Amino acid sequence: MSIGKKIGIGFLTVIVVFVISLILIIKEINNINTKVEKAVDEQVTQVQLANDIKFGMAMQGLYVRAIMIDDTPETRDNFSTYSKFLDDKILELSHQATENELKEYVDEISMYNNNFNESIEKMWNYYNSGDKESAVKVVVDEAKTANSGISDYSDKILNYQVDLLNKVSASAKETVDLTRIITIVTIIVGVLIGIVIVIYVRRTISNPLEKIVDSANLIAEGNLSEKDIIHKSKDEIGQLSVAFNKMKSNLQLLIRNVQTSTEQVSAAAEELSASTEEMTATSEDMAKRIEETSEIAKISSIASVESAKAMDETATGIQKIAESAQALHQNAADSSETAAIGSKNVEQAQNQMNIIKESSSVVNDLVQKQTV
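A quick note: this is a predicted structure, and the numbers were derived from the prediction, not measured.

Caption draft 1: Fine view of the overall build of the protein chain. Looking only at helices and strands, one finds six helices and zero strands in the protein chain. Listing the helices and strands of the protein chain from first to last along the sequence gives α-α-α-α-α-α. Residue burial in the protein chain is summarised as follows: out of 372 residues, 26% are buried. For the protein chain, the exposed area adds up to about 25000 Å²; of that, 58% sits on carbon and sulfur atoms.

Caption draft 2: Molecular detail of the packing of aromatic side chains. All told, the structure shown has eight aromatic pairs when counted by the stated rule. Ring centres of Tyr105 and Tyr160 lie 6.2 Å apart, and the angle between their planes is 80 degrees; on these two criteria the pair is classed as edge-to-face. Here Tyr105 is found in helix 3 (residues 100-128), whereas its partner Tyr160 is found in helix 4 (residues 132-220), with 55 residues between them in sequence. The class for Tyr160 is buried, based on a relative accessible area of 10%. With a centroid separation of 5.8 Å and an interplanar angle of 85 degrees, the aromatic rings of Trp124 and Tyr127 are classed as edge-to-face. Here Trp124 pairs with Tyr127, and both are found in helix 3, just three residues apart, close to one helical turn. With respect to class, Trp124 is no different from Tyr127; both count as buried.

Caption draft 3: Structural view of helix 3. If you check helix 3, its first and last C-alpha atoms are 41 Å apart, about what 29 residues at 1.5 Å a residue would give, namely 42 Å. For helix 3, every residue scored as buried is listed here: Leu102, Tyr105, Val106, Ile109, Asn113, Phe116, Ser119, Ile120, Met123, Trp124 and Tyr127. Immediately beyond the C-terminal end of helix 3, within one or two residues, lies Gly130, with a positive phi of roughly 95 degrees.

Caption draft 4: Looking closely at a negative patch on the surface. A cluster of like negative charges, contributed by Glu101, Glu104, Asp107 and Asp163, occupies part of the molecular surface. By residue number, the principal contributor to the negative patch is helix 3, which donates three residues. Relative to the helices and strands, Asp163 is located in helix 4. For Asp163, a relative accessible area of 44% corresponds to the partly exposed category.

Caption draft 5: Focus on the environment of Tyr63. Residue position: Tyr63 is located in helix 1 (residues 3-69). Counting along the chain gives eleven residues from Tyr63 to Glu74, while the straight-line C-alpha distance between them is 9.9 Å.

Caption draft 6: Region of the structure containing the nonpolar core. In this structure, Ile53, Ile109 and Ile157 are the most contacted members of the largest nonpolar core, which totals 19 residues. Setting aside chain neighbours within four positions, we find Ile53 in contact with Leu86, Lys89, Ile90, Leu93, Ile109, Ile150 and Ser154. The next biggest cluster of nonpolar side chains, apart from the first, holds 16 residues, and it includes Val64, Met68, Tyr127 and Ala135.

Caption draft 7: Inspection of helix 4 at higher detail. A rise of 1.5 Å per residue sets the reference length of helix 4, with its 89 residues, at 132 Å; its end C-alpha atoms lie 124 Å apart and thus fit the reference within 8%. The sharpest bend along helix 4 reaches about 40 degrees and sits at Arg202.

Caption draft 8: Main features of a nonpolar patch on the surface. Taken together, the side chains of Leu12, Ile15, Val16, Val19, Ile20, Ile23 and Leu24 make up a nonpolar region of the molecular surface, amounting to roughly 590 Å² of accessible area. Tracing the chain through its elements places Leu24 in helix 1.

Caption draft 9: Representation of the packing of helix 3 against helix 4. Direction vectors running N to C along helix 3 and helix 4 enclose 165 degrees, while the axes themselves pass 8 Å from each other. As the angle between them shows, helix 3 and helix 4 are arranged roughly antiparallel. The way helix 3 lies across helix 4 gives a crossing that is left-handed. Here the residues of the contact of helix 3 with helix 4 sort into 19 nonpolar, nine polar and six charged.

The rules behind the values
- Residues numbered from 1 in each chain as written.
- Predicted model: local features only at pLDDT ≥ 70, side-chain atom pairs only at ≥ 80, totals over all residues.
- Heavy atoms only, no water.
- Helix = DSSP H or I, 4+ residues; strand = E, 2+ residues; numbered from the N terminus.
- Buried < 20%, exposed > 50% of the residue type's maximum accessible area, 1.4 Å probe, protein only.
- Areas by Shrake-Rupley, 256 points an atom, 1.4 Å probe, with all protein chains shown as cover.
- Phe/Tyr/Trp six-rings, centres within 6.5 Å; stacked < 30°, edge-to-face > 60°.
- Expected span 1.5 Å × (residues − 1).
- Patch = residues over 30% accessible without salt bridge, like charges linked within 9 Å, V, L, I, M, F, W, Y side chains within 5 Å.
- Salt bridge = Lys/Arg side-chain N within 4 Å of Asp/Glu carboxyl O.
- Lys, Arg positive; Asp, Glu negative; His and termini not counted.
- Charge placed at Lys NZ, Arg CZ, Asp CG, Glu CD.
- Core = buried A, V, L, I, M, F, W, Y, C linked by side-chain atoms within 4.5 Å.
- Contact = heavy atoms within 4.5 Å.
- Bend = angle between axes of the 7 residues up to and from the residue.
- Axes fitted to C-alpha atoms, helices over the stretch in contact; angles between N-to-C directions.
- Parallel < 35°, antiparallel > 145°, perpendicular 65-115°, else oblique.
- Left-handed = near helix turned anticlockwise from the far one by under 90°.
- Nonpolar A, V, L, I, M, F, W, Y, C, P; charged D, E, K, R; others polar.

Here you go:
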């Protein structure tokens, strides 16, 4: 798994934990809002209706007694107004009652209200017939009992609503506490996951990278004897470790090859130095031989000049010999003196021939040395 995926999974885990916690917190807050809205919309309204019923009940009882004391049209109108007001509030409360217990209370109030209305009707019958005493008795006994029942069940409705409000408040408090706990747990879990991610990143990324950096610094200082980096992960750090170890091995091989090549070059340099010395000696010998050859050539040149002179002299001598021989042939018989002179000339010619022979031998030896 790559480093990016590892870090991504870590941060994704933190994000998921925070998102789940946030969802739970929002859900609990919505529950609080729902309960509060219900308390405001239903409980508070129902409490207000219960108070209105108690108020209407009290007012209609007041005006019933007022009729018995001072029967005026205004008193009757007020009685009718509050009687209708009470009926309307009881009807409205019955429409809003959704819980079974509250419905039972409303049914009881409706029953007592009907009893009160029946008592008032009976009271009017007695009152209109002139039997005020019976009318007052009906009011005191029956109407008062009905009003007391309405009042009692109105109080029960109020107590019921107060209990509901207390339950809503307690539930809201519990929800707030739960939300607080979820928030604290989320923070703790997030911190722990963050610590785990930091430790994980430290162990799998930072520490291996520090080892690679230290090894790179050692190589930069020329130390290739450090052991190979061991990292079993197949992520980018593992790939970097393998490449780094391979690079170090190649550097070691390269340096060994360079050392071997250096030794070979050194040996070749020594051989070249020896060859250079031999070439120097050979060059000196060649220079000496060239010098000797030059001297021999110089001598040969002098000998050649002398040989040429001798050849000329020989040719001249031969010519003279030929002339002398011819003269000798013609005058041989005539003069012994001439013969003696001729014999002497022959002897000179022989000496000159010997000189020519020696010169030729010298030239031949010089030519042979030059050839060698």
